[in-house]
Amino acid sequence: MNDVPVSTPRAILARAVAAICGPWGVAVLVFAITAARLVLLSSELALPVMPGEADFWLLGQTNRPLWPETGPALPWLLGLLSETCGADAPCLRLWGPVAHGIAMWFVYRLGVRLFDTVTGFWCAVLYGTLPLVMQGGLVVGPIALMMPLWTLALLALARTHVTRGLWEWGVLGASVGLGLLVHPVMALFVPLALLYLATSPEHAGVWRRPGPYVAILVGLACLLPELLRAAADDWAAAERLLAAVTSPIDDPWNLASTIGIGILLAGPVLAAVLIWLLIRMPALLRSGAWSDYRVRLLLLFSAPVLAVTLALTLVRDDGAMLTGAAVPAALVMVCGWLLVRGQMGWTAAALAANVAVSAALLIGPQTLRAEGWVVPAGFDPVARQRMAEAAGHWLEALARAHPGVTLAVAGADAPLLAYHAAVRDVPTRVVGTHPLAVPQDAFHGLLVMPAALAEADAGGDEIRGRLTVTLPDGRTTAWAAAMVP
């Protein structure tokens with residue numbers, strides 16, 4: 001009688017876990033989450049076009065040198081999408097879900113590289129369900145586009161101490177170079193990478209090998225076209241970036257609200273564990289944790305990045321999303337620390353909190369409105385964008401009422417109004433201080449601007465139309481169309 005091996009439940013479970021946490025299992029998960037986000041882009045849950053998206057879309061209509069003040073990659077991609085599939089929001093936002101899907105895969109690879117496949121799986125799951133990623137995956141912004149490049153650069157740097165090949169160094173240089181074409185915050189990666197190499201015993205004598213020089217040359221090759229354009233423009237964009245970064249801080253207390261929003265977007269449980277871990281870090285370092293290259297790598301690319309990006313939110317308009325650069329290292333550090341210590345309960349709690357906050361942000365305001373509640377302004381930040389949607393229909397009516405007259409928009413909402421006009425095939429110019437704007441004294445035609453400004457600059461006889469939009473919470477916005485002779 002032959003003995004037939006019987007698979008025990010534990011063996012079956014082990015094989016199932018290996019399949020789920022393996023590359024193919026995670027690839028299916030990444031594909032499913034990315035596909036779901038792509039479907040959401042055309043659903044009723046999709047957010048209206050945000051001001052930042054309209055700004056980058058408008059910048060995509062020009063060849064003006066933007067770097068390094070603004071990464072040219074996103075405007076170029078939005079311009080390409082606008083030409084190929086139109087200016088509708090679902091088309092322009094295709095890059096958001098795709099970029100976060102790619103970043104999710106690289107986070108998995110980073111977790112596998114530094115720990116094991118199970119840790120990599122949970123890193124990917126927690127990243128994919130982060131409220132910050134959920135929000136960033138339904139819109140398109142430079143931080144979302146930068147995330148896969150930042151994470152890939154971190155993964156390549158993590159691999160350089162186990163191989164002396166040039167491939168990882170080339171990937172590192174390309175990732176940093178391309179990331180700098182997306183957002184200037186990618187520049188933070190360079191000094192941190194140099195500090196990591198300088199403090200890493202595994203990289204002793206690294207500057208006597210060709211790897212770092214390959215990374216530098218590849219990165220410069222990626223930047224060379226924009227470097228030449230910036231030099232031809234007398235580094236005007238660099239001067240604007242320096243002026244913005246060194247400008248006086250209007251209200252330092254804004255940092256408190258940014259930190260609160262950041263904790264919410266990073267997942268309350270993950271953020272709490274990260275804060276607790278950073279508080280304990282000095283004691284851990286004194287006990288010898290710094291000798292572990294994983295601690296050095298993840299700590300250097302989380303705490304300093306978080307501190308600098310939080311400070312930059314005071315002088316830039318990116319908001320809490322700017323702290324996304326710290327997410328890959330911080331997430332892998334927290335997830336690895338929890339799982340190494342067998343804290344599966346906290347890991348599950350972090351996942352539950354991520355899903356709950358993401359669901360609340362996604363369907364909360366719409367559910368409250370459907371139930372007849374008036375959503376307070378602070379909890380419905382996209383309400384103003386719905387006003388701009390209403391203005392788009394008005395601009396279309398103005399164009400029909402004044403055939404042959406050039407239409408232009410001005411004011412803080414000019415990029416949004418220009419976008420909504422373009423969606424309706426209404427040619428519109430921008431007047432004012434925007435990089436694509438023409439001076440007001442050089443424009444002749446029908447100019448749409450805030451009503452108060454129109455009343456001050458133009459007499460009542462010159463006003464050809466008015467629009468006032470009132471939200472349920474009582475906020476109003478009024479525009480007027482004045483004929484500029």
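The rules behind each value
- Residues numbered from 1 in each chain as written.
- Predicted model: local features only at pLDDT ≥ 70, side-chain atom pairs only at ≥ 80, totals over all residues.
- Heavy atoms only, no water.
- Disulfide = S-S within 2.5 Å.
- Buried < 20%, exposed > 50% of the residue type's maximum accessible area, 1.4 Å probe, protein only.
- Phe/Tyr/Trp six-rings, centres within 6.5 Å; stacked < 30°, edge-to-face > 60°.
- Helix = DSSP H or I, 4+ residues; strand = E, 2+ residues; numbered from the N terminus.
- Patch = residues over 30% accessible without salt bridge, like charges linked within 9 Å, V, L, I, M, F, W, Y side chains within 5 Å.
- Areas by Shrake-Rupley, 256 points an atom, 1.4 Å probe, with all protein chains shown as cover.
- Salt bridge = Lys/Arg side-chain N within 4 Å of Asp/Glu carboxyl O.
- 1 Å grid on protein atoms, 1.4 Å probe; cavity = no way out; pocket = protein on both sides within 12 Å on 5 of 7 lines; lining within 4 Å.
- Points joined across faces, edges and corners; volume = space filled by probe spheres on them.
- Nonpolar A, V, L, I, M, F, W, Y, C, P; charged D, E, K, R; others polar.

Engineer: Tell me about the state of the cysteines, residues and numbers included.
Structural biologist: Applying the stated criterion across every chain yields a total of one disulfide. A disulfide bridge connects C85 with C91, and the sulfur atoms are separated by 1.6 Å. Residues C85 and C91 are joined through a disulfide that is right-handed, its torsion about the S-S bond being 60 degrees. Residue classification places C85 among the partly exposed positions, given a relative accessible area of 38%. Its relative accessible area of 7% is what places C91 among the buried residues. You can see C123 has no disulfide; the closest cysteine sulfur is in C335, sitting 3.8 Å from it. For C123, a relative accessible area of 0% translates into the label buried.

Engineer: A description of the packing of aromatic side chains should follow, citing residues and the corresponding values.
Structural biologist: Taken as a whole and assessed by the stated rule, the structure comprises eight aromatic pairs. Ring centres 6.4 Å apart and planes at 80 degrees place the aromatic pair W150 and F301 in the edge-to-face group. Of this pair, W150 sits in helix α9 (residues 142-159) while F301 is found in the loop between α16 (293-300) and α17 (303-312), placing the two residues 151 residues apart along the sequence. Summarising the burial analysis for this pair, W150 and F301 share the class buried. By the ring-pair criterion, three or more aromatic residues cluster together here, those being W150, F189 and F301.

Engineer: Requested: an account of a nonpolar patch on the surface, with residues and values cited.
Structural biologist: Nonpolar side chains collect at one region of the surface, where V190, L194, W207, Y213, I216 and L220 lie side by side and expose about 540 Å² of accessible area between them. The element that contributes the greatest number of residues to the nonpolar patch is helix α12 (residues 211-232), accounting for three residues. Summarising the element assignment, W207 is placed in the loop between α11 (189-198) and α12.

Engineer: If you had to explain the layout of surface pockets to someone new, which residues and values would you point to?
Structural biologist: Each pocket or cavity is described by its volume, and for the second largest pocket that value is around 420 Å³. Secondary structure elements with two or more residues in the lining of the second largest pocket: α14 (254-265), α15 (268-286), α17 and α18 (327-340). Tallying contributions element by element places α15 first for the lining of the second largest pocket, with five residues. Residues of the lining of the second largest pocket, tallied by class, amount to 18 nonpolar, three polar and no charged.

Engineer: Lay out the pattern of salt bridges in plain terms, naming residues and giving numbers.
Structural biologist: Summed over the entire model, instances satisfying the criterion amount to six salt bridges. With a closest N to O distance of 3.2 Å, E168 and R159 form a salt bridge. For E168, a relative accessible area of 10% gives the class buried. Look at R159 and you get partly exposed, because its relative accessible area is 34%. With its nearest N and O atoms 3.7 Å apart, the salt bridge here joins E226 to R229. Here E226 pairs with R229, and both are found in helix α12, just three residues apart, close to one helical turn. In this structure R229 comes out as partly exposed when scored by relative accessible area, which is 31%.

So, to be careful, I would describe these as geometric facts and stop short of saying anything about function.
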